[in-house]
Amino acid sequence: MTAALSRKRLIPLLLLSVLVMTGCNGRQKTSKDFDKAVAPTPAAVQTPAQAPTQTAAAPASTEAVAAKPAAAPVAAVTQTAPAAPSADDYAETPYKPTPDPLYYWNKTWFKFNDLFYSGLMRPFAKGYAFVVPKQVRTGLTNAYQNFIFPIRFLNALLQLDFKKASKEFGRFMINSTLGIGGLVDVAKADPNLAPGNEDFGQTLGRWGVGDGFYIVWPLLGPSTARDTIGMAGDAAANPLTWIFGPWSIYGDDNPWYWSYIIKGGDVFNNLPNTLEAYDAVVKPAVDPYTAVKDAYIQYRRNAVSQ
Amino acid sequence: MHRFVSRLVLTLVLLAATVAGAQAGPATDTLSQSVDKIIALLADPAYKASDTRPAMRAKLIAAIGEIFDMKELSRRALGPEWNKFTPEQQERFVAAFGTLLENTYLDKIESYTDEKVQYLTEQDLGGGKAEVSTKVMGKGKEIPIAYRLTDRGGWKVYDVVIEGVSLVQNYRSQFGQLLMNESPDAVIAKISQKRS
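Scoring rules and cut-offs
- Residues numbered from 1 in each chain as written.
- Chains lettered and ligands numbered in written order.
- Predicted model: local features only at pLDDT ≥ 70, side-chain atom pairs only at ≥ 80, totals over all residues.
- Heavy atoms only, no water.
- Axes fitted to C-alpha atoms, helices over the stretch in contact; angles between N-to-C directions.
- Helix = DSSP H or I, 4+ residues; strand = E, 2+ residues; numbered from the N terminus.
- Parallel < 35°, antiparallel > 145°, perpendicular 65-115°, else oblique.
- Left-handed = near helix turned anticlockwise from the far one by under 90°.
- Contact = heavy atoms within 4.5 Å.
- Nonpolar A, V, L, I, M, F, W, Y, C, P; charged D, E, K, R; others polar.
- Pairing = 2+ DSSP bridges.
- Salt bridge = Lys/Arg side-chain N within 4 Å of Asp/Glu carboxyl O.
- Buried < 20%, exposed > 50% of the residue type's maximum accessible area, 1.4 Å probe, protein only.

Visitor: Looking at this structure, I do not really get the packing of helix 6 (residues 87-110) of chain B against helix 7 (residues 167-181) of chain B. What am I missing?
Guide: Helix-helix packing is described using two parameters, namely the angle between the two axes and the distance between the axes. Residue and element names in this part refer to chain B. Where helix 6 contacts helix 7, the two axes come as close as 14 Å, and the packing angle between them is 125 degrees. Between helix 6 and helix 7, the interaxial angle falls into the category oblique. Relative to helix 7, helix 6 is oriented so that their crossing is right-handed. From helix 6, Phe93, Phe97, Leu100, Leu101 and Tyr105 reach across to helix 7, where they touch Leu167, Tyr171 and Phe175. Of the residues in the contact of helix 6 with helix 7, the class split is eight nonpolar, no polar and no charged.

What follows is the structure, given as structure tokens:
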């Protein structure tokens, strides 16, 4: 009897300890986080192929920081030194441009997407943002992001970034419970549990896969060959695929199109924000097509390096 | 004895942490002073009043102009193409590009409400250059913005990196693309048209 009782208690106890450990884990790494804020920048200028070595070097220096904080500036400087070989060329050497062999296809779909989202859908997005309070929209985004937590968790693991994985796990546990099924991002209050954005494209980049070439997809927007493969990986890790896929065990009860309706709903819910970000790139641009392409590539390279 | 050692270590750690925090660096100092000045101008009630607004706006533009090195920014935005411009074209390019940036970003700056700027790190880029990482926090959003500054008799910004996207790099791609088919004069004209 007592044995059965302890076994019953064992699982909640385990869960609790995991929760506590992930929480503490995040908190202990304050100094490391600080150092990591320095690290991404030199990595950003490097090619993706070099990025793994950079990240591999980072833990070594963070340990030094944790043990001897006084050494922090020194460590940071030595780490950046190889990244900028000739100081005058910094940020001036044109980085390896991503080829654009499908220029005409891309430009056509860029124009189509621009007309569709920035033209046709903009009034709807504006109306939606006007009618639905921001808190509700953010809540829906939070809930969806919490729901697709497996994508980020799995990719953090695939990148062997256990700190990020534990962070994602901690966020999922806290937000699913205290955050009412993810509607409220409670975990964000802790700077060490800031939202992440790991995806399969970044995982491929982390292991040295380059951008490939630039491609614009109808409705989905800018991407690269690598990130397109990444999208397929993300779809495979998305719980929606498994709940509503044709192979799901409750096939008849869960029609396949629900997964697309939910994904489309998330895109529409975010459209006011997406358009804002889009405008920030396009409005000051002299050549909007190139501006969006470059912003996408830069954004993704930065995401891979982090 | 053990206790004494652990306390000593703790004190040293705390001391080191404070010292490291205080060592913000000269570029951060210059930048934060300038940002504070700009925020103070925007928070000034005179900015809201319609009669004093033009004067305040001129002050704001002057304050922004002080911290930005428009010539360096333009030179880098053109990259190697800069040398293909005649000095006269360079001058016109700097003016037109400056107005374009001013017009597009002034609205953004003026929409400032109560965002807080947090200065994270200053990184030496070598050759009298530094990168200051900041985080702008407001309305439940956090935007990482890094400023790259160069020291030429005072630190001045020559690039802004928002969410990992460098402004200069973004424009260099655009100008590079345009200059493949168009003359410098045509590109300058295009920039000038853009602002109207």
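Visitor: Just to check I follow, could you spell out the pairing of strand 3 (residues 141-151) of chain B for this structure?
Guide: Where a strand is regular, its side chains alternate between the two sheet faces. Residue and element names in this part refer to chain B. Bridge count for strand 2 (residues 129-138) against strand 3 is 10 bridges, and the pairing is antiparallel. In the strand pairing of strand 3, alanine 130 is matched with leucine 149. If you look at the hairpin formed by strand 2 and strand 3, you'll find two residues sitting between the two strands, and lysine 139 has a positive phi there, around 50 degrees. Pairing analysis gives seven bridges linking strand 3 to strand 4 (residues 155-162), with the strands arranged antiparallel. Among the inter-strand pairings, leucine 149 is bridged to a residue of strand 4, identified as valine 157. Hairpin geometry of strand 3 and strand 4 is characterised by an intervening segment of three residues between the two adjacent antiparallel strands and by a positive phi of about 65 degrees at glycine 153.

Visitor: Explain the pattern of salt bridges here, please?
Guide: Pairing is possible between side chains of opposite charge, provided their charged atoms come close. If you walk through the whole model with that rule in mind, you get 24 salt bridges over all chains. A salt bridge links arginine 300 of chain A to aspartate 199 of chain A, with the shortest nitrogen-to-oxygen separation between them at 3.0 Å. Of this pair, arginine 300 of chain A sits in helix 14 (residues 288-305) while aspartate 199 of chain A sits in the loop between helix 9 (162-177) and helix 10 (200-206); the two residues are 101 residues apart in sequence, bridging distant segments of the chain. Judged on exposure class, the residue arginine 300 of chain A and its partner aspartate 199 of chain A are both buried. Lysine 37 of chain B is the salt-bridge partner of glutamate 66 of chain B, the closest N and O atoms lying 3.2 Å from each other. In this pair, glutamate 66 of chain B is assigned in helix 4 (residues 53-67) and lysine 37 of chain B in helix 2 (residues 26-43), connecting sequence segments 29 residues apart. On the basis of relative accessible area, glutamate 66 of chain B is assigned to the partly exposed category, the value being 46%. One continuous salt-bridge network, built from bridges that share partners, spans Asp199, Asp211, Arg226, Asp227, Arg300 and Arg301 of chain A.

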